[in-house]
Amino acid sequence: MTLRDFIDRLLGRQPASAGLARERLQLVLAHDRSDLNPELLEQMRREILEVVSRYVEIDLEEGDVSLETEDRVTALVANLPIKRARPKPPAPDSDPSMAAV
Amino acid sequence: MSGKPVTSTQSRAILICSGKGGVGKTTLTANLGIALAKQGARTAVLDADFGLRNLDLLLGLENRIVYTAQEVLSGSCRLEQALVKHKQEPNLSLLPAGNPRMLEWLTPEDMKKIAGLLTEQFDYVLIDCPAGIEDGFKNAAAACREALVVTTPEVSAVRDADRVIGLLQTREIEPIQLVLNRVRPRMMANQEMLSVSDVTDILALPLLGLVLEDEQVIVSTNRGEPLTLNGSRSPAAQAYTNVARRLRGEEVPLIDPSKEGQGLRAKLGRLMHTKIF
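Numbering of residues starts from 1 in each chain and follows the order in which that chain's sequence is written. Here the convention is simple: chains get letters from A, ligands get numbers from 1, in the order in which they are written. With pLDDT at 70 or above as the cut-off, local features in this predicted model cover only qualifying residues; side-chain atom pairs require 80 or more to be listed or tallied, and sums for whole chains, interfaces and linings still use all residues.

Caption draft 1: How the structure looks around the overall build of chain A. Within chain A, the regular secondary structure consists of 3 helices and 4 strands. Strands are runs of DSSP state E lasting at least two residues, helices are runs of H or I lasting at least four, and both sets are numbered from the N terminus onward. Overall, chain A shows an N-to-C arrangement of helices and strands of α-α-α-β-β-β-β. Looking at chain A as a whole, 6% of its 101 residues qualify as buried. Think of it as a crowd count around each C-beta: if 20 or more other C-beta atoms lie within 10 Å the residue is buried, if 12 or fewer it is exposed, and in between it is partly exposed, with C-beta placed from the backbone throughout.

Caption draft 2: Structural context of the interface of chain B and chain A. Here the contact rule is simple: place C-beta atoms from the backbone, and any two residues whose C-beta atoms are within 7 Å are in contact. On the side of chain A, 20 residues touch chain B, which itself brings 22 residues to the contact. Taken together, the elements giving at least two residues each to the side of chain B that touches chain A come down to helix H7 (155–170) and helix H9 (196–203) of chain B. In terms of residue count, the dominant contributor to the side of chain B that touches chain A is H7 of chain B (6 residues). Only Asp, Glu, Lys and Arg are considered charged in this grouping, and only Ala, Val, Leu, Ile, Met, Phe, Trp, Tyr, Cys and Pro are considered nonpolar; every other residue, Gly among them, is considered polar. Here the side of chain B that touches chain A is composed, by residue class, of 10 nonpolar, 6 polar and 6 charged.

Caption draft 3: Focus on the packing of helix H5 (residues 108–121) of chain B against helix H6 (residues 135–142) of chain B. Residue and element names in this part refer to chain B. Lines are fitted to the C-alpha atoms to define the axes, a helix being fitted only along its stretch in contact, and any angle between axes, read from their N-to-C directions, falls within 0 to 180 degrees. Where H5 meets H6, the axes come as close as 7 Å, and the angle between the chain directions of the two elements is 40°. One way to sum up the angle between H5 and H6 is to call them oblique. You can see that H5 and H6 cross each other, and the crossing is right-handed. Here H5 contributes Pro-108, Met-111 and Lys-112 to the contact with H6, which in turn contributes Lys-138, Asn-139, Ala-140 and Ala-142. Tallied by class, the residues present in the contact of H5 with H6 amount to 4 nonpolar, 1 polar and 2 charged. Every angle not falling under 35 degrees, over 145, or within 65 to 115 is termed oblique; those three ranges are roughly parallel, roughly antiparallel and roughly perpendicular. Should the near helix be turned counterclockwise from the far one by less than a right angle, the crossing is left-handed, whereas a clockwise turn marks it as right-handed.

Caption draft 4: Just helix H1 (residues 25–38) of chain B, in detail. Residues and elements named next belong to chain B. Between the first and last C-alpha of H1 there are 20 Å, a value that for 14 residues agrees with the 20 Å anticipated at 1.5 Å per step. Most of H1 is tucked away: 13 of the 14 residues are buried. Looking one or two residues past H1, Gly-40 carries a phi angle of roughly 100°, positive in sign. What a helix should span is 1.5 Å times the count of its residues minus one.

Caption draft 5: Looking closely at the environment of Val-211 of chain B. All names here are of chain B. With respect to the helices, strands and loops of the structure, Val-211 is situated in strand S8 (residues 207–212). On a C-alpha basis, the gap between Val-211 and Ile-255 in space is 9.0 Å, while along the polypeptide they are 44 residues apart. If near-sequence neighbours (up to four positions away) are discounted, Val-211 is found in contact with Val-179, Leu-180, Asn-181, Arg-182, Val-183, Ala-236, Ala-239 and Tyr-240.

Caption draft 6: Seen up close, the packing of H1 of chain B against helix H11 (residues 235–247) of chain B. Residue and element names in this part refer to chain B. Direction vectors running N to C along H1 and H11 enclose 60°, while the axes themselves pass 9 Å from each other. Regarding the angle of H1 to H11, the classification is oblique. Note that H1 runs across H11; the crossing there is right-handed. Contacts from Asn-31, Leu-32, Ala-35 and Leu-36 in H1 reach Tyr-240, Thr-241, Val-243 and Ala-244 in H11. For the contact of H1 with H11, a count of residues per class yields 6 nonpolar, 2 polar and no charged.

Caption draft 7: Spatial organisation of the sheet that holds strand S6 (residues 146–151) of chain B. Residue and element names in this part refer to chain B. Taken in spatial order, the 8 strands make up an open sheet running S3-S4-S2-S5-S1-S6-S7-S8, and their pairing is mixed. Each of the sheet's edge strands pairs with one partner strand only, and the pair in question is strand S3 (84–85) and S8. What makes two strands pair is DSSP finding at least two bridges between them. Note that strand S1 (residues 12–17) and S6 share 4 bridges and pair parallel. Of the residues in S6, the one forming a bridge with Ile-16 is Leu-148. In this fold H1 packs onto S1, strand S2 (43–47), strand S4 (92–95), strand S5 (124–128), S6 and strand S7 (176–183), with an angle of close to 165° to the strand it touches most, S5. Sheet strands in contact with H9 are S6, S7 and S8, and its direction is about 150° off that of S7.

Caption draft 8: Looking closely at H5 of chain B. Residues and elements named next belong to chain B. With 14 residues, H5 extends 21 Å from end C-alpha to end C-alpha; this agrees with the ideal 20 Å at 1.5 Å per step. Listed as buried for H5 are Met-111, Ile-114, Ala-115, Leu-117 and Leu-118. Mapping the buried residues of H5 onto a view down its axis gives an arc of 155°, with all of them on the same face. Opposite the buried face of H5, by more than 90 degrees, sit the exposed residues Glu-109, Gly-116 and Glu-120. Directions pointing from the helix axis toward each C-beta atom define the arc.

Caption draft 9: Quick peek at the nonpolar core. What we call a nonpolar core is a set of buried Ala, Val, Leu, Ile, Met, Phe, Trp, Tyr and Cys residues whose membership is set by joining through C-beta atoms within 7 Å. Ranked by size, the top nonpolar core spans 91 residues in total, and within it Ile-14, Val-125, Ile-127 and Val-149 of chain B carry the most contacts. Every residue in contact with Val-149 of chain B, bar those within four places of it in the chain, is listed here: Cys-17, Ser-18, Ala-161, Val-164, Ile-165, Ile-176, Leu-178 and Leu-205 of chain B.

Laid out in structure tokens, this is it:
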């Protein structure tokens, strides 16, 4: 926290806007560049969460799947806090080699 | 002439574009054109904004137009007849935009033809691109090998610049360099404006120039005399001159906006952004 943030908070003022501009831009550009609209991204997010939650119990409220962009390269970043492992993970029917691990 | 000679003997056709309107394309074209001419380079500026032409006005040449790119293309005049030579800076010539109705039939091939004629006679051909990413932009882009993208530290301008950069890259225009216009050091110090590194990180282009917000730009457009014409000491004049020098291969350091404000207010601004915990 900077001195300014601190004073802003004391006075109940809005924080400086440059950081907000940067975040909003990065988000909108990630969408522009990947041609994924928020609706499609939301659908993908739901499906990813569904798959992951078969294996571990995740915090659905905190789970976050987003597009991030750096150096004109866009990445899909998922941050899924794990509450606990599923007591009994589903049988890895699709990949038998994993069963031995 | 000071500085290194132009390394390439090849003539350079450079697109000046931004996507968004009103960020300073035409002002950059006029000032850069004059600055290059003053540095000894034979320079032509081509107004490719046929719908809303203004380059003639910023250069103070609006009353001297007889023929335009339209007559050159239709063959009703020679290129030399249409070119308007700047009186004070004879190294600079303007090829004016034609009638807005040209937009109905103009093709990328036409623009290539005009640019081809100009590159035979000039070292630098600066093409002032219209705003937007439609036909006007596509026609102008077809005529260029390299590009300067102008943007300002505002979300809309940066977003539009990003779109344009993507389109230029698919056309294999190279190099694409960035000019960051209308920088307000005090707002940057207060973190109320995207910083220089925010913009360059997001757009991932080399920064060719950084132009501070400068009231003298408006004064100079009122007069029809670009700031670079009369050796103005104003910050924008120096910035445009430096863009020209860098374009010609000279190494000129970029200014640091945080050092621009040396007053108490700027110092206080920096103090306010010191991490306290």
